[in-house]
Amino acid sequence: MQRIKKVVLSETFPGILLIFFTFFALLCKNSTLSVIYTDFFHANFTVGFDNFQISKSLDLWINDGLIAIFFLCIGLELKYEVLRGQLKNVRAVSLPIFGALGGMIVPALIFASINFHDAFAMKGWAIPTATDIAFAVGILMLLGNKIPASLKLFLLSLAIFDDLGAIIIIALFYTDQLSTLAMLICLMCIFALFVLNYFHITHLPLYVLVGVILWIAMLKSGVHATLAGVIIALFIPLDTKGKRPYLHNVLESLNPWVVYFILPLFAFANAGIDLRDMHLTALFSPVSLGIILGLFVGKQVGVFLFAYLAVKLKLAKLPENVRYSQFYGICILTGIGFTMSLFIDSLAYKNSDIFEHTDKLAILVASFLSAIVGYIYLKIVK
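Residues numbered from 1 in each chain as written. Predicted model: local features only at pLDDT ≥ 70, side-chain atom pairs only at ≥ 80, totals over all residues. Heavy atoms only, no water.

1. With respect to the overall build of the chain
Here is step 1: The secondary structure content of the chain amounts to 15 helices and two strands.
Here is step 2: For the chain, the C-alpha radius of gyration of 21 Å lies close to 21 Å, the compact-globule estimate for 382 residues.
Here is step 3: If you line up the chain on its principal axes, its C-alpha atoms span 60 × 55 × 50 Å.
Here is step 4: Taking contacts inside the chain between residues at least 6 apart in sequence as the whole, the part at least 24 apart equals 80%. (Helix = DSSP H or I, 4+ residues; strand = E, 2+ residues; numbered from the N terminus. Rg over C-alpha atoms; globule rule 2.2 N^0.38 Å. Contact = heavy atoms within 4.5 Å.)

Below is the structure:
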């Protein structure tokens, strides 16, 4: 029992869990369980009463609702690390910022250069710009003490800024037509959160109540509802009035739910791709190629190039006792897009089957390719 607990609580387990549920989703979708799997996630669930109700399919409750909690955790982690943690030092934070910037720009350019002729395909330009924290860190932890702690910190920091970039992209480029009334309610909720923070109130149910109203208003406003999670995180106080840690405790309480339940469930709901009538040649379509090359080639080249230039221009500093050969291995792992790439894909193409789901398959191929190549590279590099 103690051994099982040790495995479950290890840093590699969340990544293993994601892989398991991805293959389980593929198994369900490509077997006699296909109809049950599809009907289950397309079943409608209604919450509310009379004229005040929200009715969505289960997969949308996961993608719009539960993922907002994931974004809340990202916001809490970023706020804590910048104000109290490892990102407080400007020199320490500059390298992952430049790396994250390159890891977004180069993949987007690769995708756009292949798909510029198709306006609908171009909606997916941001798909290869994301890095999956749980998966990438899980692979890194499998290497144990072979990798310096400073490189693990770099990957974690880069993934946080990468997610921040994804949040900004979603807000700017994947927002529908705005509702004035809903936006006004959003602003009122933000003001309420500001008041709670200003008076240093640390009664969590109040934040939950305002947060739920904010989430519903954002859902109706046209701005993607998951951004409500990030906004709530900005107003959670760092400490209680008695100077006891508060934000970090909230993060530690939520994190197990995210890594052991929300992200695996998201992977299970979104990775189910029907491969039975799919031709492998479809992986060479412009959209699939843009995603695969963007994630597997663009991410590693972009992160390494921008970080290298930042170091040479003395805008950043390479971690101590780290060689460029080791550093490049970490850059390869940033090509693991997985959950965040699948999420952006669902926003870009609205789960359309126009590409016969090869867009999602391309994300899985590029992510697993980055994981395998990155692991082998770091295992053998001197």
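Okay, back to it.
2. What to know about the pattern of salt bridges
Here is step 1: In total, this model carries three salt bridges according to the counting rule given.
Here is step 2: Put simply, D239 and R84 hold a salt bridge, and the shortest N to O gap is 2.6 Å. Note that D239 is positioned in the loop between helix 10 (227–235) and helix 11 (247–270) and R84 in the loop between helix 4 (58–83) and helix 5 (90–115), a separation of 155 residues in sequence.
Here is step 3: Among the ionic pairs, D162 bridges to K299, the shortest N-O distance being 2.8 Å. (Salt bridge = Lys/Arg side-chain N within 4 Å of Asp/Glu carboxyl O.)

3. Details of the pairing of strand 1 (residues 44–49)
Here is step 1: With respect to burial, strand 1 is a largely exposed element, only zero of its six residues being buried.
Here is step 2: Here strand 1 runs beside strand 2 (residues 52–57); their pairing, made up of six bridges, is antiparallel. Bridge assignment links F49 to a residue of strand 2, and that residue is F52. (Buried < 20%, exposed > 50% of the residue type's maximum accessible area, 1.4 Å probe, protein only. Pairing = 2+ DSSP bridges.)

4. Concerning the nonpolar core
Here is step 1: Counting 118 residues, the largest nonpolar core has F71, L214 and F327 as its most contacted members.
Here is step 2: When residues of this core are assigned to their parent elements, the largest contribution, twelve residues, is made by helix 4.
Here is step 3: Those residues within four positions of F71 in sequence are excluded, and the remaining contacts are I167, I170, T226, G229, V230, M340 and F343. (Core = buried A, V, L, I, M, F, W, Y, C linked by side-chain atoms within 4.5 Å.)

5. Topic: the environment of I344
Here is step 1: Among the secondary structure elements, I344 is positioned in helix 14 (residues 338–349).
Here is step 2: Every residue in contact with I344, bar those within four places of it in the chain, is listed here: A126, I127, A130, A166 and Y174.

6. Overview of a nonpolar patch on the surface
Here is step 1: A cluster of nonpolar residues, L293, V297, V301, L305, Y308, L309, L313 and L315, forms a patch on the protein surface that exposes about 640 Å² of accessible area.
Here is step 2: Within the secondary structure, Y308 is located in helix 12 (residues 286–312).
Here is step 3: With a relative accessible area of 32%, Y308 lands in the partly exposed category. (Patch = residues over 30% accessible without salt bridge, like charges linked within 9 Å, V, L, I, M, F, W, Y side chains within 5 Å. Areas by Shrake-Rupley, 256 points an atom, 1.4 Å probe, with all protein chains shown as cover.)

7. Structural notes on the environment of V297
Here is step 1: Counting through the fold element by element, V297 comes out in helix 12.
Here is step 2: By relative accessible area, V297 is classed as partly exposed at 33%.
Here is step 3: With 140 residues separating them in the primary sequence, V297 and S157 have C-alpha atoms 21 Å apart.

8. A few points about helix 13 (residues 324–333)
Here is step 1: Most of helix 13 is tucked away: seven of the ten residues are buried.
Here is step 2: Those residues of helix 13 that sit buried are Q326, F327, G329, I330, C331, I332 and L333.

9. Focus: the packing of helix 4 against helix 10
Here is step 1: The geometry of helix 4 relative to helix 10 is characterised by a closest axis approach of 7 Å and an angle of 35° between their N-to-C directions. In the packing of helix 4 onto helix 10, the handedness of the crossing is right-handed. Across the interface between the two elements, A68, F71, L72, G75, L76 and K79 of helix 4 pack against G229, V230, I232, A233, L234 and F235 of helix 10.
Here is step 2: In terms of residue class, the contact of helix 4 with helix 10 is built from nine nonpolar, two polar and one charged. (Axes fitted to C-alpha atoms, helices over the stretch in contact; angles between N-to-C directions. Left-handed = near helix turned anticlockwise from the far one by under 90°. Nonpolar A, V, L, I, M, F, W, Y, C, P; charged D, E, K, R; others polar.)

Purely spatial values, then, with no claim about function.
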